[in-house]
Amino acid sequence: MSAIPFHQPFRTGTELHFLQEALQNGKLSGNGIFTQRCQAFFEQRYGFLKCLLTSSCTDALELAALLIDIQPGDEVIMPSYTFVSTANAFVLRGARIIFADSQPLHPNLDARAIEALVTPRTKAIVPVHYAGVACDMPRIMEVAHKHKLWVVEDAAQALDSYVDRGGGKVQPLGTFGHLAAFSFHDTKNISAGEGGMLVVNEPALINRAEMLWEKGTNRAAFQRGEVGRYQWMDVGSSFLPSELTASFLWAQLEQLDGIQATRKALWQHYEDALEAIGCRGMVQLPKIPAFARHNAHLFYLVCRDLETRNYIQHALYTHQIYAACHYAGLHSSVFYRNQYKGKPLPNAEHFTHSLLRLPLYNSLDFEQVGSVCQQVQRAVEEKRIADRLAV
Ligand SMILES: *Cc1c(COP(=O)(O)O)cnc(C)c1O
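Keep in mind that what you see is a predicted model, and the values were worked out from it rather than measured. (Residues numbered from 1 in each chain as written. Predicted model: local features only at pLDDT ≥ 70, side-chain atom pairs only at ≥ 80, totals over all residues. Heavy atoms only, no water.)

1. Description of the overall build of the protein chain
No. 1: Counting its secondary structure elements, the protein chain contains 13 helices and 13 strands.
No. 2: Its C-alpha atoms put the protein chain at 80 × 55 × 45 Å along the principal axes.
No. 3: In the protein chain, buried positions account for 53% of the 391 residues.
No. 4: Expressed as a percentage of contacts within the protein chain between residues at least 6 apart in sequence, the contacts between residues at least 24 apart total 73%.
No. 5: Carbon and sulfur atoms provide 54% of the accessible area of the protein chain, an area that totals close to 17,000 Å².
No. 6: For the protein chain, the distance from the average site of its 36 positive side-chain charges to the average site of its 38 negative ones is 4 Å. (Helix = DSSP H or I, 4+ residues; strand = E, 2+ residues; numbered from the N terminus. Buried < 20%, exposed > 50% of the residue type's maximum accessible area, 1.4 Å probe, protein only. Contact = heavy atoms within 4.5 Å. Areas by Shrake-Rupley, 256 points an atom, 1.4 Å probe, with all protein chains shown as cover. Lys, Arg positive; Asp, Glu negative; His and termini not counted. Charge placed at Lys NZ, Arg CZ, Asp CG, Glu CD.)

Following this line, the structure appears as structure tokens:
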């Protein structure tokens, strides 16, 4: 059997066609035809109020932190179990990060625990939709309204994920917060190599967002013919991707439905196969809240403990199947642990030690998913025997 890598970026085959079109358009700098086409696509399909493509989700988060005027000493609540960029964007503006614990059964932060972390210095909540699985957004927005806080969704992994609002209605992630940040990094469902997007749902922020995006100028308004010349209006930076990136992204967006259907089928195949095997006590399958309609971004196991995780990961590795752990809780990172003054976060620690991601990408087939599951089963059985012998 040939090796099964952890990840393989998906290519539609139409990228060169659209890159060529971008070249023919003549202008490769930002906010061109493809940028506007991608932004309009997202606004129409998901009902995002205003979309701005950025060169990464990291960039979109930094733009968000500027836009809501984070000042030194402001407190920002976010999960510890997340990527560094979620925190860095706010730390760069001098914020104090208040890390929230994950839920016992899911890496997402516990919406019920947020209110206890709010102080007079709290400025924003940054929920992260881990694996494209929705946080309890209606509840988080309720807390935010009550305490007049900004909400910035880190939706890096959550394109095409929804919250079920009942009565056959679903609401896309990225439409709940005042702002939301998406990623088109090569490891995400839709890729531009590197790329991202800021969604602005708060009407009062749109004008300024556009200026900060364009280096603190009103160039976007100038381009629309609304002003005769553009000039320095505000702080800002260069957050725009070039048309090369936007045209590549467009090739992927054109095939979004197909990409998503494939990922969902593979995800379901993992769940069905591993349910059938039954590894209870040793590994748990992802627990999806009833209100979440996720986008099959990741399939992961939650192992009993670190030792079991390492055992299974190594056993898969010996069969050339590459599984990967994920975040180390940011509150105990080298950079932040000496500044961290909060309580222990046992659930974030648990996922740091026990979570193992299995290969999931468009070129994977059902047979390969079957092989991965078979090897997981074998590893679990071997580990059970090893445990018994050790007693
Ligand atoms: C991928 C990711 C990011 C960063 O995205 P980039 O586009 O690589 O900057 C931020 N937050 C989360 C939760 C992510 O998964």
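2. Regarding the site of the ligand
No. 1: Residues in contact with the ligand amount to 15 residues; listed here are only the nearest, T58, D154, Q157, S183 and K188.
No. 2: Contact between the ligand and D154: a nitrogen atom at 2.8 Å from a side-chain N or O atom of the residue.
No. 3: The separation between an oxygen atom of the ligand and a polar side-chain atom of Y327 is 3.3 Å.
No. 4: Burial of the ligand by the protein amounts to 93% of the accessible area it has alone, namely 380 Å².
No. 5: When grouped by side-chain class, the residues that make up the shell around the ligand number five nonpolar, eight polar and two charged. (Near = heavy atom within 4 Å. Polar contact = N/O pair within 3.5 Å; in protein donor to acceptor, adjacent residues only side chain to side chain. Nonpolar A, V, L, I, M, F, W, Y, C, P; charged D, E, K, R; others polar.)

3. Points about the sheet that holds strand β6 (residues 162-166)
No. 1: Ordered in space as β7-β6-β11, the three strands form an open sheet in which the pairing is antiparallel. Looking along the sheet, the strands with just one partner apiece sit at the ends: β7 (169-172) and β11 (292-293). (Pairing = 2+ DSSP bridges.)

4. Describing the packing of helix α1 (residues 15-25) against helix α9 (residues 243-253)
No. 1: For the pair α1 and α9, interaxial distance at closest approach is 8 Å and the crossing angle is 140°. Crossing handedness for the pair α1 and α9: right-handed. Where α1 approaches α9, its residues E15, F18, L19 and A22 are matched on the opposing element by E243, L244, S247, F248, W250, A251 and Q252.
No. 2: A breakdown of the residues in the contact of α1 with α9 according to their chemical character gives seven nonpolar, two polar and two charged. (Axes fitted to C-alpha atoms, helices over the stretch in contact; angles between N-to-C directions. Left-handed = near helix turned anticlockwise from the far one by under 90°.)

5. Some points on the state of the cysteines
What is meant by a disulfide is a covalent connection between two cysteines, made through their sulfur atoms.
No. 1: Scanning the model with the defined rule gives zero disulfides in all.
No. 2: Left without a disulfide partner, C51 is nearest to the cysteine sulfur of C38, which lies 10 Å away. (Disulfide = S-S within 2.5 Å.)

6. What about the sheet that holds strand β5 (residues 150-154)?
No. 1: Spatial strand order, β1-β9-β8-β5-β4-β2-β3: seven strands in an open sheet with mixed pairing. Here the strands that pair on one side only, and so sit at the sheet edges, are β1 (50-54) and β3 (96-100). Strand-to-strand twist of the sheet, defined as the mean angle between neighbouring strand axes without regard to direction, takes the value 25°.
No. 2: Across five bridges, strand β2 (residues 75-79) lies against β3 in parallel orientation. Looking at the pairing, V76 lines up with I97 of β3.
No. 3: Of the strands in this sheet, β1 and β9 (196-200) are in contact with helix α2 (residues 33-46), which crosses β1 at around 135°.
No. 4: Strand contacts of helix α7 (residues 206-213): β1 and β9, with the helix running at about 15° to β1, the strand carrying the most contacts.

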